[in-house]
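These are the residues of each chain, in order.
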Amino acid sequence: MNNDHMIRAITGNEEVRAFAVTSGNLVEEARRIHANSPIATAALGRTLSAALMMGDMLKNEKDLITIHIQGDGPLKQILATANMNGEVKGYVADPSVVLPPNKQGHLNVGGGIGKGTLTVIKDYGLKEPYVSQVPLVTGEIAEDLTYYYAQSEQTPTAIGLGVLMNKDVTVNCAGGFIVQLMPAAHEKTIAKLEENLKKVTSVTEILRERQDPEDLLRVVLDGMDMKVLGSKDVRFACHCSREKGMSAIAALGKKEIEEMIQKGEDVHVNCEFCGKVYTYGKKDMEDILARTQNK
Ligand code: ZN
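Residues numbered from 1 in each chain as written. Predicted model: local features only at pLDDT ≥ 70, side-chain atom pairs only at ≥ 80, totals over all residues. Heavy atoms only, no water.

Considerations on the pairing of strand E3 (residues 64-71)
Move 1: With six of its eight residues buried, E3 lies for the most part within the structure.
Move 2: Bridge count between E3 and strand E4 (residues 77-82): six bridges; the pairing is antiparallel. Its bridge partner lying in E4, Ile-65 is registered against Ala-82.
Move 3: Joining the antiparallel neighbours E3 and E4 is a turn of five residues, in which Lys-76 adopts a positive phi near 65°. (Buried < 20%, exposed > 50% of the residue type's maximum accessible area, 1.4 Å probe, protein only. Helix = DSSP H or I, 4+ residues; strand = E, 2+ residues; numbered from the N terminus. Pairing = 2+ DSSP bridges.)

Here is the structure:
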């Protein structure tokens with residue numbers, strides 16, 4: 001049963017916009033694909049959930065948003081890419097990391113990521129994507145993205161993200177919310193929002209019962225006359241293909257491809273996002289060589 005989905009909403013006075021997502025199934029799928037440890041699952045799950053909501057803010061069909069977290073902790077880096085159709089993919093550089101719990105007894109995602117940078121890349125299909133980078137604040141991801149919105153987009157934002165694991169280390173539930181103040185927001189609205197946010201101590205505590213993103217926003221936007229503007233299904237999806245793998249080999253250049261053919265071994269291209277492996281034999285490699293223009 002896949003009930004992963006995302007909603008967007010606005011308050012009655014139109015001073016706050018909000019996004020919320022449940023992503024337990026797709027975070028579990030990512031865990032299986034990458035054989036992620038619990039801490040890698042939590043780190044990737046939070047990032048995938050955030051990327052989906054940020055993807056919902058995109059305007060055009062082909063636009064892509066990528067969150068790239070680079071840290072000096074053992075997880076090393078996390079990458080997640082989403083589009084506006086509710087599709088997301090991603091991976092953690094080292095999915096095998098195991099760390100003791102943090103002081104609160106939770107998975108130590110901040111310790112796994114460490115100090116470093118958060119980069120948001122918006123690809124609108126133009127020559128150059130928009131790239132914006134901020135230092136990591138805590139490595140817990142929600143705080144880091146909140147800081148990103150304040151610094152890079154000057155938008156006051158509150159973000160909550162969570163992944164709850166079962167005892168058998170599968171995913172129980174996952175998801176999160178993003179709320180943003182519109183420029184015209186009044187003090188009264190801000191105060192009410194702050195009061196509501198204090199009630200959200202755990203995203204997964206709210207989600208685990210029914211896995212409905214509306215439950216999250218009902219707490220966050222309590223007493224603010226929330227209107228749900230739209231809902232869409234979300235999924236883990238990778239658009240890699242045999243053809244794209246061939247282009248990746250072609251990009252290595254003629255000389256390299258000739259050497260590979262001479263070795264006479266099959267060439268494998270791994271997709272880091274979904275774990276698929278594409279294998280190319282001698283005939284494939286000769287085809288690639290024939291259409292490779294560069295030296
Ligand atoms: Zn793939």
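Digging into the sheet that holds E3
Move 1: Strand order in the open sheet made by the six strands is E7-E6-E3-E4-E5-E11, with mixed pairing throughout. Lying at the two open borders of the sheet, with one neighbouring strand each, are strand E7 (130-135) and strand E11 (235-236).
Move 2: Summarising the sheet, strand E6 (residues 116-123) and E7 pair through six bridges and their orientation is antiparallel. When the bridges of E7 are listed, Ile-121 appears paired with Val-131.
Move 3: Packing of helix H2 (residues 38-55) onto the sheet brings it into contact with E3, E4, strand E5 (87-92), E6 and E11, and relative to E5 it is tilted by some 150°.
Move 4: Packed onto the sheet, helix H4 (residues 142-152) meets E3, E6 and E7 and runs at close to 120° relative to E7. (Contact = heavy atoms within 4.5 Å. Axes fitted to C-alpha atoms, helices over the stretch in contact; angles between N-to-C directions.)

Re empty space enclosed by the protein
Move 1: With the rule as written, the count across this model stands at one cavity of 30 Å³ or more.
Move 2: Estimates place the volume of the largest cavity at around 30 Å³.
Move 3: Taken together, Met-260, Ile-261, Gly-264, Glu-265, Lys-282 and Met-285 form the lining of the largest cavity.
Move 4: Elements supplying a minimum of two residues to the lining of the largest cavity: helix H9 (254-263) and helix H10 (282-290). (1 Å grid on protein atoms, 1.4 Å probe; cavity = no way out; pocket = protein on both sides within 12 Å on 5 of 7 lines; lining within 4 Å. Points joined across faces, edges and corners; volume = space filled by probe spheres on them.)

Description of the packing of aromatic side chains
Move 1: Under the definition given, this model contains three aromatic pairs.
Move 2: Measuring from centroid to centroid gives 5.4 Å for Tyr-124 and Tyr-130, while their planes differ by 55°, and the two rings are tilted.
Move 3: Positioned over the ring face of Phe-273 is Lys-89, at 4.3 Å from the centre of the ring. (Phe/Tyr/Trp six-rings, centres within 6.5 Å; stacked < 30°, edge-to-face > 60°. Lys NZ or Arg CZ within 6 Å of the ring centre and 35° of its normal.)

Describing the pattern of salt bridges
Move 1: Per the stated rule, a full pass over the model turns up 19 salt bridges.
Move 2: Of the charged contacts in the structure, one is a salt bridge between Glu-28 and Arg-32, with a shortest N-O distance of 3.7 Å. Here the residue Glu-28 and the residue Arg-32 both occupy positions in helix H1 (residues 24-34), the gap between them amounting to four residues, near one helical turn.
Move 3: Its relative accessible area of 12% is what places Glu-28 among the buried residues.
Move 4: You can call Arg-32 exposed: its relative accessible area is 54%.
Move 5: Asp-287 is paired through a salt bridge with Lys-283; the nearest N and O atoms lie 3.2 Å apart. Placement of the pair is Asp-287 and Lys-283 together in helix H10, with a separation of four residues, close to one helical turn.
Move 6: Residue classification places Asp-287 among the partly exposed residues on the basis of a relative accessible area of 35%.
Move 7: Assessed through its relative accessible area of 56%, Lys-283 is described here as exposed.
Move 8: Among the charged side chains, a salt-bridge network with shared partners connects Arg-210, Asp-212, Glu-214, Asp-215 and Arg-218. (Salt bridge = Lys/Arg side-chain N within 4 Å of Asp/Glu carboxyl O.)

Considerations on the sheet that holds strand E8 (residues 157-165)
Move 1: What the five strands build is an open sheet, ordered E8-E9-E2-E1-E10; its pairing is antiparallel. Because the sheet does not close on itself, it has two edges, and the strands there are E8 and strand E10 (227-233). In this sheet, neighbouring strand axes are inclined to one another by 10° on average, regardless of whether the strands run parallel or antiparallel.
Move 2: The pairing of strand E1 (residues 5-10) with E10 spans six bridges and is antiparallel. Bridge pairing links Met-6 to Lys-232 in E10.
Move 3: Of the strands in this sheet, E1, strand E2 (16-22), E8 and strand E9 (171-181) touch H2, which is tilted by about 140° from E8.
Move 4: Across the sheet, helix H6 (residues 203-210) lies against E2, E8 and E9, angled at about 120° from E9, the strand it touches most.

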